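# Fold and contact review
Single-letter residue listing:
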Amino acid sequence: MTITILPEFALVFMLVFARVGTMMMLLPALGEQVAPQRVRLSFALFVTLLTVPVVRPSFAGMGMNLDLATRLLVTEILIGITFGLSARFLMSTLQTAGVLISQQIGLSFTMSIDPTGGDLGQAAVIGTFLALLGISLIFASDLHHIAIYGIIDSYQTLQPGMMPASADAAELALTVANSAFITAVQISAPFLVFGLVFNVGLGILSRMMPQLQVFFLAMPAMILLGAVIFIVVLGLMMDGFLAHVVRVYREFFPGLR
């Protein structure tokens with residue numbers, strides 16, 4: 001069955017929107033739940049209009065019919081999910097770092113609604129702060145332009161109709177998750193060292209002065225010193241996160257420079 005009721009441009013637009021729209025709804029900063037859905041949808045449509053003239057030659061000469069168009073549509077959605085979810089792991093870097101920092105400075109019990117994930121659950125206050133700050137810095141440093149260019153460059157990595165292998169997709173997700181966890185540990189390294197030194201010092205102090213109420217002395221001091229360290233190293237932490245975002249984007253899309 002040959003498709004004759006739709007112009008070729010409309011069919012290509014639909015296939016491109018399947019990939020671009022899926023990626024736009026999952027990419028960090030561009031696909032956060034705090035953004036209105038209509039705004040995200042309008043932005044996805046606008047990016048699709050810009051992408052279609054660039055990638056339209058890739059769809060030429062395919063001899064579109066209903067079966068092929070359906071297979072291409074499913075494939076494009078899967079490709080968008082693969083890249084989008086992998087990029088979504090980037091924001092887990094800050095959430096993981098926030099949990100590690102909260103545990104070391106005595107604020108692990110302070111939880112709040114995670115605005116980046118909607119009403120899906122709670123997160124550590126420091127993790128939520130870092131996530132919102134990371135999103136703001138992504139826009140302030142124009143890294144969202146890299147994400148948009150990466151969407152177009154994805155057609156060089158996976159041509160239309162090229163189904164991503166399940167093993168490769170799983171390996172990609174595991175690689176990004178592993179790098180996100182390593183970066184989170186590196187970002188929170190000063191607080192891990194602080195927690196180790198502080199707790200060892202408290203242990204020695206409690207052995208030397210058993211009558212001292214260590215708990216009532218330790219908690220305020222831990223929170224105060226942790227807050228001071230957090231203020232001092234916050235800039236370096238976010239520099240490390242932004243460098244990690246650029247590195248992962250370049251690994252996803254080799255065409256980026």
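Quick summary incoming for the structure in this document.

Rules and cut-offs
Residues numbered from 1 in each chain as written. Predicted model: local features only at pLDDT ≥ 70, side-chain atom pairs only at ≥ 80, totals over all residues. Heavy atoms only, no water. Core = buried A, V, L, I, M, F, W, Y, C linked by side-chain atoms within 4.5 Å. Buried < 20%, exposed > 50% of the residue type's maximum accessible area, 1.4 Å probe, protein only. Helix = DSSP H or I, 4+ residues; strand = E, 2+ residues; numbered from the N terminus. Contact = heavy atoms within 4.5 Å. Expected span 1.5 Å × (residues − 1). Arc of directions from axis to C-beta. Phe/Tyr/Trp six-rings, centres within 6.5 Å; stacked < 30°, edge-to-face > 60°.

With that out of the way, let us pick up the nonpolar core. Counting 56 residues, the largest nonpolar core has Val16, Ile101, Leu130, Phe230, Met237 and Phe241 as the members making the most contacts within it. Those elements that place two or more of their residues in this core are helix 1 (8–24), helix 2 (37–55), helix 3 (66–105), helix 4 (125–140), helix 5 (143–157), helix 6 (166–187), helix 7 (189–208) and helix 8 (214–252). Residue contributions to this core peak at 15 residues, all from helix 8. Setting aside residues no more than four positions away along its own chain, Leu130 makes contact with Leu94, Gly98, Ile101, Phe230, Leu234, Met237 and Met238.

Across its 20 residues, helix 7 extends 29 Å between first and last C-alpha, which sits within 8% of the 28 Å expected from 1.5 Å per residue. Where helix 7 is concerned, the buried positions are Phe191, Phe194, Gly195, Phe198 and Leu202. Buried residues of helix 7, viewed axially, fall in a sector of 100 degrees; they line one side. Residues of helix 7 that are exposed and point over 90 degrees away from its buried face: Val193, Leu196, Val197, Arg207 and Met208. Buried positions along helix 7 lie against helix 3 and helix 8.

Tallied over the entire structure, the rule returns four aromatic pairs. Considering the side-chain rings of Phe13 and Phe17, the 6.4 Å spacing of their centres and the 5 degrees angle between planes classify their relative orientation as stacked. Taken together, the residues span about one helical turn, with Phe13 and Phe17 both in helix 1 at a distance of four residues. With a relative accessible area of 25%, Phe17 lands in the partly exposed category. Taking 5.5 Å as the distance between ring centres and 35 degrees as the angle between the ring planes, the aromatic pair formed by Phe194 and Phe198 counts as tilted. Pair noted here: Phe194 and Phe198 are both in helix 7, with a separation of four residues, about one helical turn.

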